[in-house]
Amino acid sequence: MGAHELHDTAQAIVADHKGILAADESTGTIKKRFDSIGVESTEESRRFYRQLLFTTPGMEDSIGGVILYDETLRQSAGDGTPFAEVLASKGVIPGIKVDTGAHDQAGFPGEKITEGLDGLRARLEEYRGLGARFAKWRAVIAIGDGIPSVACTRANAHALARYAALCQEAGIVPIVEPEVLMDADNTIERCYDVTSRTLKWTFHELIVQGVDLRGTLLKPNMVISGKGCATQASAEQVAELTIQCFMTHVPAAVPGIVFLSGGQSEVEATENLNAINHIGGPWPLSFSYGRALQASALHVWAGDAGNADAAQAAFAQRARMNALAAAGEWSAGMEQPVPA
Ligand code: 13P
């Protein structure tokens, strides 16, 4: 597999201000989402909901890639077409979550290390055969009293780089996701410091392990106030500190930065991305949102097939708003009320 294919795939995902739909919720996580709307999580209800998203008319104008979960990559639309083909036929690149989750790190209470390296080479080969052209691995960095430790930050950076190298060997673009959580009560300045250190170690390991940065995408948190912080930074402050942090730590060779939403509301995630693009940097700055692309669609659907069209309209609207934000061309007046 040539390096050029990796570069081309990475660039294609974020071309024309497009972003990524993260639809790779594990079986446990999607159950929580379905619980919130009173829908039972079964293989068929999960398949139906993902089909609804992937067949949304016009989504390909705003979405360049979709991250799938193992089960979803093996599922098909009602007419028997595998989801990977449904997406590829619209010019949307299929991806796959390959980590096996964040687990307690031995010796470091309150901290997590992401697992999934054992057997990854063989899984990547199978996933490529099933149509995946990019992958995702999420490291989780918590902020708290005395954490993150250097041990947690470095161990996760090391695992991210080993994953990324294996992906590139298999001809798959790795999305490198070191997520600093935003659910504590820390200030935005503390988020800046922790994100800086996390990015520093992540790129150190990627470079030491020979990962081709031009064939990767970075999926980071924004530099943002913790949810419980009494003083919440404005979108302009988020943008200023996010760009300052990334200009310091992310090489220009990286072909795209696709932010996670991390618990921001739908409109907040769009507004912050738009403000970030008002400043800009040497990379496309786009989105790889899960909750911030799906929250309205999920609630409008509510498990009733009769609501599918309205749910698709809600998803299409969020996708469009975020593609506009990735161009720095969004404004609050463009938002439309979501159908009840
Ligand atoms: P959120 O945008 O809901 O944070 O999810 C993105 C994601 O894929 C986290 O790994």
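Right above here is the structure, for reference.
Okay, so let's go over this structure.

Cut-offs used in this document
- Residues numbered from 1 in each chain as written.
- Predicted model: local features only at pLDDT ≥ 70, side-chain atom pairs only at ≥ 80, totals over all residues.
- Heavy atoms only, no water.
- Near = heavy atom within 4 Å.
- Polar contact = N/O pair within 3.5 Å; in protein donor to acceptor, adjacent residues only side chain to side chain.
- Areas by Shrake-Rupley, 256 points an atom, 1.4 Å probe, with all protein chains shown as cover.
- Helix = DSSP H or I, 4+ residues; strand = E, 2+ residues; numbered from the N terminus.
- Contact = heavy atoms within 4.5 Å.
- Phe/Tyr/Trp six-rings, centres within 6.5 Å; stacked < 30°, edge-to-face > 60°.
- Buried < 20%, exposed > 50% of the residue type's maximum accessible area, 1.4 Å probe, protein only.
- Right-handed = clockwise from strand over helix to strand, strands pointing away.
- Pairing = 2+ DSSP bridges.

## Quick look at the site of the ligand
Okay, step 1: The immediate surroundings of the ligand are formed by 13 residues, with Lys136, Lys219, Ser261, Gly262 and Arg291 found nearest.
Okay, step 2: Residue lysine 219 places a side-chain N or O atom 2.6 Å away from an oxygen atom belonging to the ligand.
Okay, step 3: In the environment of the ligand, an oxygen atom lies 2.8 Å from a nitrogen or oxygen atom belonging to the side chain of arginine 291.
Okay, step 4: In isolation the ligand offers 300 Å² of accessible surface; the protein chains occlude 91% of this area.
Okay, step 5: Going through the elements one at a time, strand 6 (134-141) and strand 10 (285-289) are the ones with two or more residues in the shell around the ligand.

## Section: the environment of glycine 228
Okay, step 1: Counting through the fold element by element, glycine 228 comes out in the loop between strand 8 (217-218) and helix 9 (235-249).
Okay, step 2: Between the C-alpha atoms of glycine 228 and threonine 187, which are 41 residues apart in sequence, the distance is 9.0 Å.
Okay, step 3: Contacts of glycine 228, omitting those with residues within four sequence positions, involve Ala184 and Asp185.

## Notes on the packing of aromatic side chains
The description of two aromatic rings rests on the distance between their centres and on the angle between their planes.
Okay, step 1: Scanning all chains against the criterion turns up 8 aromatic pairs.
Okay, step 2: Considering the side-chain rings of phenylalanine 34 and tyrosine 49, the 5.7 Å spacing of their centres and the 85° angle between planes classify their relative orientation as edge-to-face. Taken together, the positions of phenylalanine 34 in helix 2 (residues 27-35) and tyrosine 49 in helix 3 (residues 43-54) put the pair 15 residues apart, joining distant regions of the chain.
Okay, step 3: For the ring pair tyrosine 49 and tryptophan 301, a centre distance of 5.2 Å and an interplane angle of 25° mean the geometry is stacked. Within this pair, whereas tyrosine 49 is found in helix 3, its partner tryptophan 301 is found in helix 11 (residues 291-301), the two being separated by 252 residues in sequence.
Okay, step 4: Look at tyrosine 49 and you get buried, because its relative accessible area is 0%.

## A short note on the pairing of strand 7 (residues 173-180)
Okay, step 1: With respect to burial, strand 7 is a largely interior element, 8 of its 8 residues being buried.
Okay, step 2: Of the two faces of strand 7, both are covered, the one formed by Val173, Ile175, Glu177 and Glu179 as well as the one formed by Pro174, Val176, Pro178 and Val180.
Okay, step 3: Assessed by its sense of winding, the connection that carries the chain from strand 6 through helix 7 (residues 150-169) to strand 7 is right-handed.
Okay, step 4: Relative to strand 8, strand 7 runs parallel, the two being bridged by 2 bridges. By the bridge assignment, valine 176 is partnered in strand 8 with leucine 218.
Okay, step 5: Handedness of the β-α-β unit built from strand 7, helix 8 (residues 188-208) and strand 8 comes out right-handed.

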